[in-house]
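# Results of the structural survey
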Amino acid sequence: TLLCDGLLTSHHCHPVESVKGFLSGWRADQGEDFSLINRINGKTAITPEGDVMMSSPDFTQLMSQQRRMFDGAFTQSYKTLNEDRRYTGLRTPWIMAGTLALLASDQSRLGDRFLRVFIPRPSDGEEDDILLQVFNTAKTLVKMRSNCKPESTKGEHLSAAQRLTGGYVDYLRAEAERLLTAVTVDDGEVAATLVACARFTADLRARPDPHRFREEKHDTKELPTRLLHQFTRLAVCLAAVLNKRTVDAEVLGRIRRVALDTAGGQTLDI
């Protein structure tokens, strides 16, 4: 949640929390489109508390729309309008943070577009350091009068860290073309590793629909093309974010970790 709050200090990120849908059929007299999809296109959607959204009765519909938006195009037809709304060239990445309860929203059967990243529990020593920092921050803030500024509710150091996070996002967006074109990729080793990760993840997250156990079903494994596309883009972007000029062993190690996290579940445990 704290990381998401830092990302939202960038104007390239947009909060998505309590929402019923990404599209609206209403337009003002001037023809302005009030759909959320129109406002977040070209930005990164940020959901600090994914568990809250998951409990919404509209969650299934939102995920259905998100899968189509991820593919870059979406068309909506309305029974009360004599027109279709078609959106193309969409770029709407989405970062959703939450607890392990999010795993209950498994969409692998439908072609899940999300990659998963688990943040491991801190070691005993790290937890002691974190708790001591929380104690010192709370001790300072309880004596401070709130003035509606982040520094008076979160502390100066945390507020500065969140501003730096948003600032780095702004820098990456401003210099994206220069940073990404400078990254070189070894077509041999890198391609073999990413293909293996894509196949592994597709195999391990394939599972039957638990709600259709009484029906005749035709469960299949997804073709790992989308996963390979995601892992390839992630590898190049990670290299740029880490100020590297090549997709090296460290970057590939992170991709393997993402592949394992995305494939997580009972099958991987077995």
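Below or above, wherever it landed, is the structure these notes cover. (Residues numbered from 1 in each chain as written. Predicted model: local features only at pLDDT ≥ 70, side-chain atom pairs only at ≥ 80, totals over all residues. Heavy atoms only, no water.)

## Considerations on the overall build of the protein
Stated precisely, the cut-off is as follows: Labels follow the DSSP assignment, with helices taken as runs of H or I lasting at least four residues and strands as runs of E lasting at least two, numbered in each case from the N terminus. Each residue is assigned to one of three classes by its accessible area relative to the maximum for its type, calculated with a 1.4 Å probe on protein chains only: buried under 20%, partly exposed between the two thresholds, exposed over 50%. For every accessible area listed, the method is Shrake-Rupley and the probe measures 1.4 Å; residues are considered covered only by the protein chains on display.
Counting secondary structure elements, the protein contains twelve helices and five strands. Residue burial in the protein is summarised as follows: out of 270 residues, 34% are buried. In the form shown here, the protein has an accessible surface area of approximately 17200 Å², with 55% of it arising from carbon and sulfur atoms.

## Some thoughts on the packing of aromatic side chains
Applicable threshold: Pairing of aromatic rings covers Phe, Tyr and Trp, the last counted by its six-membered ring, and requires centre-to-centre distances within 6.5 Å; plane angles under 30 degrees mean stacked, over 60 mean edge-to-face, and any other angle means tilted.
Taken as a whole, this structure holds three aromatic pairs when the rule is applied. Ring geometry for Phe 22 against Trp 94: centres 5.7 Å apart, planes inclined by 85°, an arrangement best described as edge-to-face. Here Phe 22 is found in the loop between strand 1 (13-15) and helix 2 (36-40), whereas its partner Trp 94 is found in strand 5 (residues 94-96), with 72 residues between them in sequence. Accessibility expressed as a relative area gives 1% for Phe 22, which makes it buried. The structure contains a cluster of three or more aromatic residues connected by ring pairs, namely Phe 22, Trp 94 and Phe 114.

## Focus: the environment of Lys 20
The line we're drawing: The contact definition used throughout considers only heavy atoms, calling two residues in contact when any of these lie within 4.5 Å.
Relative to the elements of secondary structure, Lys 20 occurs in the loop between strand 1 and helix 2. Taking the relative accessible area as the measure of exposure, Lys 20 reaches 65% and is therefore exposed. Each C-alpha atom, one on Lys 20 and one on Asp 58, is 5.9 Å from the other, the two residues being 38 residues apart in sequence. What Lys 20 contacts, discounting residues up to four positions off in sequence, is Asp 58, Gln 61 and Leu 62.

## Some points on the pattern of salt bridges
For clarity, the threshold we go by: By convention in these notes, a salt bridge is any Lys or Arg side-chain nitrogen within 4 Å of a carboxyl oxygen on Asp or Glu.
Following the criterion strictly, the structure yields eight salt bridges and no others. Residue Glu 250 pairs with Lys 244 through a salt bridge whose shortest N-O separation is 2.9 Å. For Lys 244, a relative accessible area of 18% gives the class buried. Arg 254 is the salt-bridge partner of Glu 250, the closest N and O atoms lying 3.3 Å from each other. In this pair, Glu 250 and Arg 254 are both assigned in helix 11 (residues 249-262), four residues apart and thus about one turn of the helix distant. Linked through salt bridges whose partners overlap, the residues forming this network are Lys 244, Asp 248, Glu 250 and Arg 254.

## Considering the sheet that holds strand 5
Just so we agree on the cut-off: Criterion used throughout: strands pair if DSSP finds at least two bridges between them. Angles here are taken between N-to-C directions and fall from 0 to 180 degrees, while the axes themselves are lines fitted to C-alpha atoms, restricted in helices to the stretch in contact.
Spatially, three strands are ordered 1-2-5 in an open sheet, and the strand pairing comes out parallel. Edge strands, defined here as strands with exactly one partner in the open sheet, are strand 1 and strand 5. Sheet twist, expressed as the average angle between the axes of neighbouring strands with direction ignored, equals 25°. Bridge count between strand 2 (residues 44-47) and strand 5: three bridges; the pairing is parallel. From the neighbouring strand, Ala 45 faces strand 5, where its bridge partner is Trp 94.

## A word on the packing of helix 9 (residues 189-204) against helix 11
Applied cut-off: An angle counts as roughly parallel when it lies under 35 degrees, as roughly antiparallel when it exceeds 145, as roughly perpendicular when it falls between 65 and 115, and as oblique in every other case. Residues are grouped as follows: Ala, Val, Leu, Ile, Met, Phe, Trp, Tyr, Cys and Pro are nonpolar; Asp, Glu, Lys and Arg are charged; every other residue, Gly included, is polar.
Where helix 9 meets helix 11, the closest approach of the two axes is 9 Å, and the angle between their N-to-C directions is 10°. By the angle between their directions, the pair helix 9 and helix 11 is classed as roughly parallel. Within the contact between the two elements, helix 9 uses Glu 189, Val 190, Thr 193, Leu 194, Cys 197, Phe 200 and Thr 201 and helix 11 uses Leu 252, Ile 255, Arg 256, Ala 259, Leu 260 and Thr 262. A per-class count over the contact of helix 9 with helix 11 returns eight nonpolar, three polar and two charged.

## Observations regarding the nonpolar core
Here is the rule: Take the buried Ala, Val, Leu, Ile, Met, Phe, Trp, Tyr and Cys residues and link them wherever side-chain atoms come within 4.5 Å; each set so joined is a nonpolar core.
Ranked by internal contacts, the top residues of the largest apolar core, which has 21 residues, are Phe 22, Ile 37, Met 53 and Trp 94. Broken down by secondary-structure element, the contributors of at least two residues to this core are helix 2, helix 4 (59-70) and strand 5. In terms of residues, this core owes the most to one element, helix 4, which gives four residues. Here Met 53 is in contact with Val 16, Glu 17, Val 19, Thr 47, Phe 59, Leu 62, Trp 94 and Met 96, once residues within four sequence places are set aside. Counting residues in hydrophobic clusters, the runner-up holds 19 residues, among them Leu 227, Val 247, Val 251 and Val 258.

## A few points about the pairing of strand 4 (residues 84-88)
Going residue by residue along strand 4, you find Arg 85 and Tyr 87 tucked away on one face and Asp 84, Arg 86 and Thr 88 left uncovered on the opposite face. Note that strand 3 (residues 73-77) and strand 4 share five bridges and pair antiparallel. By the bridge assignment for strand 4, Ser 77 is matched with Asp 84.

## Thoughts on the side chain of Thr 262
The topology assignment puts Thr 262 in helix 11. Leave out the neighbours within four places in its chain, and Thr 262 touches Phe 114, Leu 115, Arg 116, Thr 201 and Arg 205.

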